[in-house]
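Fold and geometry: a report
Residue-level listing of the chains:
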Number of protein chains: 2
Amino acid sequence: MRLLAHVGVVFVLAMAGSTLLAQQDPLPSWNDTTSKRAIVEFVDRVTRPGSPELVPPAERIATFDNDGTLWAEQPLYVQLAFALERVKALAARHPEWRTEQPFAAILANDLAQLRDFGEQELMRVLAATHAGMTTDEFSVTVGEWIATARHPTAGKLYTELVYQPMLELLAYLRANGFKTYIVSGGGIEFLRPWAERVYGVPPEQIIGSSLELKLEVRDGRPVLLKLPTVDLIDDKAGKPVGIERAIGRRPIRAFGNSDGDLEMLQWTMDGAGPRFALLVHHTDAEREWAYDRESHVGKLDVAWDQAIANGWTVVSIKDDWNVVFP
Amino acid sequence: MRLLAHVGVVFVLAMAGSTLLAQQDPLPSWNDTTSKRAIVEFVDRVTRPGSPELVPPAERIATFDNDGTLWAEQPLYVQLAFALERVKALAARHPEWRTEQPFAAILANDLAQLRDFGEQELMRVLAATHAGMTTDEFSVTVGEWIATARHPTAGKLYTELVYQPMLELLAYLRANGFKTYIVSGGGIEFLRPWAERVYGVPPEQIIGSSLELKLEVRDGRPVLLKLPTVDLIDDKAGKPVGIERAIGRRPIRAFGNSDGDLEMLQWTMDGAGPRFALLVHHTDAEREWAYDRESHVGKLDVAWDQAIANGWTVVSIKDDWNVVFP
């Protein structure tokens, strides 16, 4: 009896502590708008003991797009900035690039010409900057670059241009038993070296576009070589494919910001049981950027119409976030 | 002061409880041999607080082959048995199979002829039985089959022919903070419907061979169609590729039983820090099967030589396991 009484005291104090914690707002950078309320109400529906729509922790899968959803994507995708800088860094070893496109345009900083290039030229840049090396070598290159590379106009490190409200949302979902995944059109090997530090998402929860890999033996040791051939384009219809390959379960929540995320949101919403889809709408030209239907980068058009038609949550950065960057 | 004293009492009692638990053998089906001691000593090295070789939980990745490592693979791989039975189940819809190989041989139970068929015929069987349907449809088919299908000679359900010592090992590693993965030459979509129930390994920790997937819209709803083209053969040199794709971290422990696992073991052992590789050697013709260098299924030859040369742990089922099946 005596022991039980002691355990009781400790238990009651522990409960009191957790109640205090629960009263702290886990999403302080979100204004008290319908978007925030929808986010919180859904967590309550699927996690509150006794809820008729309780979802077991193993099935609490939440997927997040990266570019434009977790960090800024204007004026051009960070990974493209990385690729262009790598071309410049490698140019001394490739004198032929002075006359070969698209390398000549990159070396001349001719962004107008770059914009006219198509998939074939993009693949040449990817092959030159993302392939022909081992996964370990590429990881080191990315890690060194991201530690110092700065946004061209904001002047901050790219990893400082992540959205504070979304960092809070990731942490809030994890605290409620969700497993958080990134599902990016960007490269899986480009995200993994820093996503755990910046987003708290470990390498095995990163899904992204990828090149084929090949095991080789170098100096008697096995290495994985990145080949210049595409394995998966994890964008649009490729996102559900990437999700099925890596997770094998359908997410119950998905977060995106552009037409590239539409199929992920549709795939998520078409499953049985409670479902939640959210789009970040970039509406704040002062604190960030304002763009949607006409944008070259992160175009939000068809997915926006679908969100409105289906009652998905659409976040307006200007109205729903009181802080944008940390 | 009073509260602290109470917390102290509870803490001391909790410690006493965990010491009692620790004294229960987590691997009772393993005899007290060098294999078992090597397994336990490695866990101690990488998890004991203060150990100079302590590995953070996030990096405690352990990968297990499936066929012949976690369940029986004789006289033929379970997935092949599934494929052959599916051919028979689908034959009424395919009258042309009566004269087309390899289907005619399968329908005639001509196993000798089947053994002479090569990769091309295998792909035809896979295309007929594993493709042309959605991932959800395939998952249901596998789930129904595995719930009732029995081993041809042992008479038990296939899921009863899992190795009890390996189930204990999976649980023991998880209890020590390891994340356990299956890395199988078999199909990822064939394993996922039952691996969580049988092995405690969730879908997102299954790595396996796969066909290409394609998102389609059927009756206005998105589905993932399994195409008759190979995405990844997760065997031999494909295992490190599958591991890198899905995990993005190198395992620190790997468990296999055949030459198909050699590259996974080499990839695991070539990383920095403490490493552990283990091969299951099938030495018990009475309780299971005895086979190695000359076997058609689960051939263990080059990997065995490598294990001996490098001091990897080689488990002899006859000597190291006091129980084989649950």
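Cut-offs and rules
- Residues numbered from 1 in each chain as written.
- Chains lettered and ligands numbered in written order.
- Predicted model: local features only at pLDDT ≥ 70, side-chain atom pairs only at ≥ 80, totals over all residues.
- Heavy atoms only, no water.
- Helix = DSSP H or I, 4+ residues; strand = E, 2+ residues; numbered from the N terminus.
- Rg over C-alpha atoms; globule rule 2.2 N^0.38 Å.
- Buried < 20%, exposed > 50% of the residue type's maximum accessible area, 1.4 Å probe, protein only.
- Areas by Shrake-Rupley, 256 points an atom, 1.4 Å probe, with all protein chains shown as cover.
- Least-squares fit on C-alpha atoms with pLDDT ≥ 70 in both.
- Contact = heavy atoms within 4.5 Å.
- pLDDT = per-residue confidence, 0-100.
- Phe/Tyr/Trp six-rings, centres within 6.5 Å; stacked < 30°, edge-to-face > 60°.
- Lys NZ or Arg CZ within 6 Å of the ring centre and 35° of its normal.
- Core = buried A, V, L, I, M, F, W, Y, C linked by side-chain atoms within 4.5 Å.
- Axes fitted to C-alpha atoms, helices over the stretch in contact; angles between N-to-C directions.
- Parallel < 35°, antiparallel > 145°, perpendicular 65-115°, else oblique.
- Nonpolar A, V, L, I, M, F, W, Y, C, P; charged D, E, K, R; others polar.
- 1 Å grid on protein atoms, 1.4 Å probe; cavity = no way out; pocket = protein on both sides within 12 Å on 5 of 7 lines; lining within 4 Å.
- Points joined across faces, edges and corners; volume = space filled by probe spheres on them.
- Buried area = accessible area lost by both parts, 1.4 Å probe.
- Salt bridge = Lys/Arg side-chain N within 4 Å of Asp/Glu carboxyl O.
- Patch = residues over 30% accessible without salt bridge, like charges linked within 9 Å, V, L, I, M, F, W, Y side chains within 5 Å.
- Left-handed = near helix turned anticlockwise from the far one by under 90°.
- Expected span 1.5 Å × (residues − 1).
- Arc of directions from axis to C-beta.

**Overview of the overall build of chain A**
- The helix and strand inventory of chain A stands at 13 helices and eight strands.
- Taken over C-alpha atoms, the radius of gyration comes to 22 Å for chain A, in line with the 20 Å a tight globule of 326 residues would show.
- Taken along the three principal axes of its C-alpha coordinates, chain A extends 80 × 50 × 40 Å.
- Residues classed as buried in chain A amount to 52% of the 326 residues present.
- Summed over all atoms, the accessible surface of chain A reaches about 14600 Å², with 55% contributed by carbon and sulfur.

**Some details on the relation of the copies chain A and chain B**
- Mapping chain A onto chain B calls for a screw motion: a turn of 180° about the axis and a shift of 0.0 Å along it, with 0.0 Å RMSD after fitting. Here the symmetry operator amounts to a two-fold rotation axis.
- A share of 100% of interface residues in chain A that are also interface residues in chain B marks the association as one of identical surfaces.

**Side note on the confidence of the model for chain A**
- Taken as a whole, chain A shows an average pLDDT of 93; of its residues, 93% reach a score of 70 or greater.
- Both scores are given for the predicted complex: the pTM is 0.92, the ipTM 0.92.

**What to know about the packing of aromatic side chains**
- In total, this model carries 30 aromatic pairs over all chains according to the counting rule given.
- With a centroid separation of 4.3 Å and 10° between ring planes, the pair formed by Trp97 of chain B and Phe103 of chain B is classed as stacked. Assigned by exposure class, Trp97 of chain B and Phe103 of chain B land together as buried.
- Note on Trp145 of chain B and Tyr158 of chain B: the rings are 5.5 Å apart at their centroids and 20° apart in plane angle, and the pair reads as stacked. You can see Trp145 of chain B sitting in helix H7 (residues 135–148) and its partner Tyr158 of chain B sitting in the loop between H7 and helix H8 (164–175), a full 13 residues away along the chain.
- On the basis of relative accessible area, Tyr158 of chain B is assigned to the buried category, the value being 5%.
- Clustering of aromatic rings is evident, with ring pairs tying together Trp71, Phe82, Phe138, Trp145, Tyr158, Phe190, Trp194 and Tyr199 of chain A.
- The ring of Trp267 of chain A has Arg250 of chain A lying over it, and the distance from NZ or CZ to the ring centre is 3.7 Å.

**Regarding the nonpolar core**
- One finds Met166, Leu169 and Tyr199 of chain B to be the most contacted residues of the largest nonpolar core, which totals 52 residues.
- When residues of this core are assigned to their parent elements, the largest contribution, seven residues, is made by helix H9 (residues 188–199) of chain B.
- In this structure, Tyr199 of chain B is in contact with Asn66, Leu70, Trp71, Val162, Leu167, Leu170, Arg174, Ile182 and Trp194 of chain B, ignoring residues within four places of it in sequence.
- Grouped together as the second largest cluster of nonpolar side chains are 51 residues, Val46, Val55, Leu70 and Met133 of chain A included.

**Re the packing of helix H10 (residues 238–246) of chain A against helix H11 (residues 262–269) of chain A**
Residue and element names in this part refer to chain A.
- Where H10 meets H11, the axes come as close as 7 Å, and the angle between the chain directions of the two elements is 55°. In this view, H10 runs oblique relative to H11, as classed from their interaxial angle. For the pair H10 and H11, the contacting residues are Lys239, Pro240 and Ile243 in the first and Glu263, Met264 and Trp267 in the second.
- Classifying every residue of the contact of H10 with H11 gives four nonpolar, no polar and two charged.

**Some words on empty space enclosed by the protein**
- Applying the stated criterion across every chain yields a total of three cavities of 30 Å³ or more.
- Quantified by volume, the largest cavity comes out at close to 340 Å³.
- Going through the elements one at a time, strand S3 (206–218), strand S4 (221–232) and H10 of chain A together with H9, strand S3 (206–218), strand S4 (221–232) and helix H10 (238–246) of chain B are the ones with two or more residues in the lining of the largest cavity.
- Looking at the lining of the largest cavity element by element, the count peaks at seven residues for S3 of chain B.

**Some words on the interface of chain A and chain B**
- On the side of chain B, 42 residues touch chain A, which itself brings 42 residues to the contact.
- Here chain A and chain B share an interface that buries about 3300 Å² over both sides, 55% of which is from carbon and sulfur atoms.
- Contact with chain B buries surface across chain A, with Glu204, Leu215 and Arg245 of chain A losing the most and accounting together for 17% of the total.
- Taken together, chain A and chain B are joined by 13 salt bridges.
- Across the salt bridge formed by Arg250 of chain A and Asp136 of chain B, the nearest N and O atoms sit 3.5 Å from each other.

**Thoughts on a nonpolar patch on the surface**
- Taken together, the side chains of Tyr77, Leu80 and Leu122 of chain A present a nonpolar region at the surface, about 230 Å² in accessible area.
- You can call Tyr77 of chain A partly exposed: its relative accessible area is 32%.

**Side note on the packing of helix H7 (residues 135–148) of chain A against helix H9 (residues 188–199) of chain A**
All names here are of chain A.
- Interaxial distance between H7 and H9 falls to 8 Å at its minimum, and their mutual angle equals 55°. Looking at the two axes, H7 sits oblique to H9. Crossing of H7 over H9 shows right-handed handedness. Touching Thr135, Phe138, Ser139, Val142, Gly143, Trp145 and Ile146 of H7 are Glu189, Phe190, Pro193, Trp194 and Arg197, all from H9.

**Let's talk about the environment of Pro56 of chain A**
Residues and elements named next belong to chain A.
- For Pro56, the position within the fold is in the loop between helix H2 (34–47) and strand S1 (61–64).
- Owing to a relative accessible area of 41%, Pro56 belongs among the partly exposed residues under this scheme.
- Through-space distance from the C-alpha of Pro56 to that of Gly132 is 43 Å; in sequence the pair is 76 residues apart.

**Quick notes on helix H6 (residues 119–130) of chain A**
Residue and element names in this part refer to chain A.
- End to end, H6 covers 15 Å across twelve residues, agreeing with the expected 16 Å (1.5 Å per residue, within 8%).
- Within the span of H6, buried status applies to Val125, Thr129 and His130. Take H6 and look down its axis: the buried residues cluster within an arc of 95°, on one side only.
- Packing partners of the buried residues in H6 comprise helix H3 (78–90), helix H4 (103–107), H7, S3 and S4.
- Just downstream of H6 lies Gly132, where phi reads positive at about 75°.

**Here we look at the side chain of Thr135 of chain B**
- As for its position among the elements, Thr135 of chain B is in helix H7.
- The residues contacting Thr135 of chain B, other than those within four sequence positions of it, are Glu244 of chain A together with Glu189, Leu213, Leu224 and Lys226 of chain B.

**Observations regarding unusual backbone geometry**
- Each neighbour pair has its own omega, and for Gln74 of chain B with Pro75 of chain B the value is -5°, a cis peptide bond.
- Within the secondary structure layout, Pro75 of chain B lies in the loop between strand S1 (61–64) and helix H3 (78–90).
- Here the residue pair Gln101 of chain B and Pro102 of chain B is connected by a cis peptide bond, since its omega of 5° sits within 30 degrees of zero.
- Position of Pro102 of chain B relative to the elements: it lies in the loop between H3 and helix H4 (103–107).
- Not every positive phi belongs to a glycine, and Asp219 of chain A is a case in point at roughly 50°.
- Overall, the relative accessible area of 81% leaves Asp219 of chain A in the exposed class.
- At Lys236 of chain B, a residue that is not glycine, the phi angle is positive and equals roughly 50°.
- Here Lys236 of chain B shows up in the loop between S4 and H10.

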